[in-house]
Each structure stands twice: as C-alpha cells, then as structure tokens.
Amino acid sequence: MTTTITTSNTTPETASAKTLTDRVRPTILALFRAVVSFLFLCHGLMGFGLFGGIDNAGGAVPFGQWPGYWASLIEVVGAVLVFAGLFTRISALVLSGVMAYAYFTVHAPEGLLPLHNMGEPAALYAWVFLAIAVVGPGAASLDGLRRR
C-alpha cells in the first residue's frame, strides 16, 4: 500500500519520492539569503567609511549626499532585513532596484560589458536580489514566524 501526500503545488506523490533536494531546499535558500545579505551589508557599510570606505582609505560618503549616502543607507537597512528574513521579498526587490540603478547610472556609461565597466558586483547583486524576491526567504526567517 502506497501512502500519498500532497505538496504545496498540489501534486500527489509518495512520501519516499521526496528527494533530498526537496528536503534541504528551504535550508539552502536561508543560508544563501544570509550569506548574500551579510556580504551586501559589508558593501553598504563601506559608504559609511567601514571596511576601507569608498576610497580604500576609510573615506565615507558625506552625510545626506545624493545618491551615495542614501544608497548606502538603503543597502544597510535592506541587507539587515533580508538577513533576518523580515519583509524579505519587498526588501530584496528594493535592493535589486538599487543595484540596477547603480549599474545603469554609474557603470554602464563607462562601457557596455560589466567586465569593462567594473559593474559585475552591481549586476550580480541586482539579479541575486531579484531571485531572492521571487523565491522567498527559505527557512529560519522572521517572515515565517509572522505568518504563524
């Protein structure tokens, strides 16, 4: 006798057919979210003079200067929210937009390809945060606790 279960996408399957990949996916997504947001937090803190600052000599973006100061502030707040898994999808979508804006306004005028215009990190973060916005926070998120 085979026991069937219904998954979130409402397709019946046997309990034994649930693969290791399916079982670890939420945990891997949570780890991915945590690592990416930590690295991005470090990137945002550079605007405030940490980790070498914006000039590798500890320089910070002047208070209130557009767009650098505000971008750094959005990056730090957004990275903390994504790390915690709180308002993950909207925070990741905003961060994706911030990085797309940075790519097209700062890097793209210097050349077409990210390899030539030093825009690889901005382009990569834009797509990574878009992916997080689409797939969600995974396991161990404050969003998950809020839904209970």
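Refer to the preceding data block for the structure.
Small disclaimer: the values here were computed from a predicted structure and weren't measured. (Residues numbered from 1 in each chain as written. Predicted model: local features only at pLDDT ≥ 70, side-chain atom pairs only at ≥ 80, totals over all residues. Heavy atoms only, no water.)

On a plain count of helices and strands, the protein comes out with six helices and two strands. Helices (α) and strands (β) of the protein occur, in sequence order from the N terminus, as β-β-α-α-α-α-α-α. Across the 148 residues of the protein, 30% fall into the buried class. Intrachain contacts of the protein at a sequence separation of at least 6 include 57% that bridge at least 24 residues. (Helix = DSSP H or I, 4+ residues; strand = E, 2+ residues; numbered from the N terminus. Buried < 20%, exposed > 50% of the residue type's maximum accessible area, 1.4 Å probe, protein only. Contact = heavy atoms within 4.5 Å.)

What follows is about unusual backbone geometry. Here the amide bond leading from Trp-66 into Pro-67 is cis, since omega sits at -5 degrees, within 30 degrees of zero. Within the secondary structure layout, Pro-67 lies in the loop between helix H1 (20-46) and helix H2 (68-84). Of note, Phe-51 is a non-glycine position whose phi angle comes to about 55 degrees, a positive value. Structurally, Phe-51 is set in the loop between H1 and H2.

Let us look at the pattern of salt bridges. Following the criterion strictly, the structure yields two salt bridges and no others. Measuring nitrogen to oxygen at the nearest pair gives 3.2 Å for the salt bridge that ties Asp-22 to Arg-25. You can see Asp-22 and its partner Arg-25 sitting in helix H1, three residues apart, about one turn around the helix. Accessibility expressed as a relative area gives 30% for Asp-22, which makes it partly exposed. A relative accessible area of 43% means that Arg-25 is categorised as partly exposed. Where Arg-146 meets Asp-143, a salt bridge forms, and the shortest distance between an N and an O atom there is 3.5 Å. Separated by three residues within a single helix, Arg-146 and Asp-143 lie in helix H6 (residues 142-147), roughly one turn from each other. Given the relative accessible area of 3%, Asp-143 is considered buried. (Salt bridge = Lys/Arg side-chain N within 4 Å of Asp/Glu carboxyl O.)

There is a polar contact of 2.8 Å between the side chain of Asp-143 and the side chain of Thr-88. Setting aside anything within four residues of it in sequence, one finds Asp-143 in contact with Gly-85, Leu-86, Phe-87, Thr-88 and Pro-137. (Polar contact = N/O pair within 3.5 Å; in protein donor to acceptor, adjacent residues only side chain to side chain.)

This next bit is on the environment of Ala-92. As for its position among the elements, Ala-92 is in helix H3 (residues 88-107). With a relative accessible area of 0%, Ala-92 lands in the buried category. Once the C-alpha coordinates of Ala-92 and Ser-37 are considered, the two residues, 55 residues apart in sequence, prove to be 9.3 Å apart. Setting aside residues no more than four positions away along its own chain, Ala-92 makes contact with Val-82, Phe-129, Ile-132 and Ala-133.

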